[in-house]
Amino acid sequence: MIVGVPKEIKKDEHRAALSPGAVEALVSAGHTVLVEKGAGLGAGIADREYREAGGRVTPAAAEVWRRSQMGVKVKEPLKAEYALMREGQTLFAFLHLAAAQPLARVLVRKRVRAIAFETVRTANGALPLLQPMSEIAGRMAVQEGAKYLEKSMGGRGVLLSGAPGVARGSVVILGAGMVGKNAAKIAVGLNADVTVLDVNHSRLEYVDDIFGGRVKTLASTRFSIREAVREADILIGAVLVPGARAPRLVPRALVRRMNPGSVIVDVAVDQGGCVETIRPTYHSRPTYVVDGVIHYGVANMPGGVPRTSTFALSNAILPYALELANLGVVEAVRAFPELAEGLNAAEGRITHPAVAEAVGMKCARVEEVF
Ligand SMILES: NC(=O)c1ccc[n+]([C@@H]2O[C@H](COP(=O)([O-])OP(=O)(O)OC[C@H]3O[C@@H](n4cnc5c(N)ncnc54)[C@H](O)[C@@H]3O)[C@@H](O)[C@H]2O)c1
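Described below are features of the structure shown in this document. This is a predicted model, so every value here is computed, not measured. (Residues numbered from 1 in each chain as written. Predicted model: local features only at pLDDT ≥ 70, side-chain atom pairs only at ≥ 80, totals over all residues.)

**Thoughts on the overall build of the protein**
Across its full length, the protein carries 15 helices and 15 strands. Rg of the C-alpha trace for the protein: 22 Å, near the compact-globule value of 21 Å for 370 residues, within the 12% margin. Reported as C-alpha extents along the three principal axes, the dimensions of the protein are approximately 65 × 45 × 35 Å. At a minimum sequence separation of 6, the contacts of the protein that also span at least 24 residues come to 63%. (Helix = DSSP H or I, 4+ residues; strand = E, 2+ residues; numbered from the N terminus. Rg over C-alpha atoms; globule rule 2.2 N^0.38 Å. Contact = placed C-beta atoms within 7 Å.)

Written out as structure tokens, the structure reads:
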């Protein structure tokens, strides 16, 4: 199969979909990989590295799209790319079609076979292509929080590890899922005083087990949140109720009771945030202050570390990209139920119920189209 990797054109998107290692794996399996010139530069990957991996560096986006049978991208195609997509082509990317009706219509009209990273789902409900981004955001949350705690950044001037004879800084994490667990790991590594709250007992049990008592776990109630948040130097919002807006767990009145110069990193801001005073921010200006508390609300945190994120995403994509290229889309979707879950559009139909509902189109079953 001819696989194309166009350069991302969305503002501030520096990731590439495939690393040189992934390109080499596809080429070794007998496929041709066209990589648009400069596709990896934002992630610090030179064209030469793709060439050495067996990729064919191709100067123009139009040529990559025209020649490839499957386009592998990070973000959804933008308007400028609509015309470049070919009839019957396969597209493998983050698509978020529920929020991109015009793109959904283009995919249907052009009979593109579109597999969305965010809906690839395994039998146990895991989202393997979203997971690496949550891992990275969780780890980054503590790093960012620690940075803004420094005095020169407007923070309280607390070192998370404390010092001999001086108390440690306190990190409070709401939610013990993928983001929360990874945040706890880094906070423990920095020797902070770490508290994790969740409503799901088995998540707390898991955190209790893996950190061997080094992390305090609390059942998430209004009472326990109030007690923990008041003393937090860094508060990390990491809750998720699938498909719903993030629950508002920290009202403004509680933010007001936090110490001046403490930091809130609400990772759940992409679902509306779990802190009343949070709003989305960008990497170019990530923080603002409310009631003396620093708020960090970047909705695409992994974009801040595009090199790490490129390799993490590429690692997660590669097994699926290989199956799609080896078997062809139809056979791969039949063979792997998680790819069938990922299929959002094919043969001029929308094939994912939630997407169909969101864009107001009829939904076809995967077995009907393939
Ligand atoms: N800002 C970013 O760049 C970025 C990046 C990745 C993920 N996210 C977001 O981070 C959030 C968490 O993602 P995740 O992968 O960790 O999800 P997850 O499903 O793995 O974990 C969420 C956890 O929240 C818990 N929870 C639900 N309600 C709660 C409550 N009232 N109190 C305490 N805990 C509660 C759940 O039991 C679960 O353990 C999501 O909104 C996700 O979209 C943001």
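**Details of the sheet that holds strand β6 (residues 113-116)**
Read from one edge to the other, the open sheet built from eight strands follows the order β3-β2-β1-β4-β5-β6-β14-β15, with strand pairing classed as mixed. Looking along the sheet, the strands with just one partner apiece sit at the ends: β3 (56-58) and β15 (349-350). (Pairing = 2+ DSSP bridges.)

**Here we look at the packing of helix α1 (residues 20-28) against helix α11 (residues 306-327)**
Taken N-terminus to C-terminus, the directions of α1 and α11 make an angle of 15 degrees; their axes are 10 Å apart at the nearest point. In this view, α1 runs roughly parallel relative to α11, as classed from their interaxial angle. The chirality of how α1 crosses α11 is right-handed. On the side of α1, the interface is formed by A22, A25 and L26, while α11 contributes S314, L318, A321, L322 and A325. Grouping the amino acids of the contact of α1 with α11 by side-chain chemistry returns seven nonpolar, one polar and no charged. (Axes fitted to C-alpha atoms, helices over the stretch in contact; angles between N-to-C directions. Parallel < 35°, antiparallel > 145°, perpendicular 65-115°, else oblique. Left-handed = near helix turned anticlockwise from the far one by under 90°. Nonpolar A, V, L, I, M, F, W, Y, C, P; charged D, E, K, R; others polar.)

**A look at the sheet that holds strand β9 (residues 215-219)**
One open sheet holds the seven strands; their spatial order is β9-β8-β7-β10-β11-β13-β12, and the pairing between them is mixed. Pairing within the sheet leaves two strands with one partner each, and these edge strands are β9 and β12 (287-290). In this sheet, adjacent strand axes meet at a mean angle of 20 degrees when their direction is disregarded. Strand direction decides the pairing type here: β12 and strand β13 (residues 293-296), joined by four bridges, are antiparallel.

**Remarks on the site of the ligand**
S134, A137, G177, V179 and M301 are the nearest of the 32 residues found near the ligand. Elements represented by at least two residues in the shell around the ligand include exactly α6 (131-149), α7 (178-189) and β8 (193-198). (Near = placed C-beta within 6 Å.)

**Focus: the packing of α6 against α7**
Where α6 contacts α7, the two axes come as close as 7 Å, and the packing angle between them is 40 degrees. Comparing their axes, α7 and α6 come out oblique. Handedness of the α6/α7 crossing: right-handed. Contacts from Q131, S134, E135, A137, G138, R139, A141, V142 and Q143 of α6 reach α7 at M178, V179, G180, K181, N182, A183, I186 and A187. Tallied by class, residues from the contact of α6 with α7 come to eight nonpolar, six polar and three charged.

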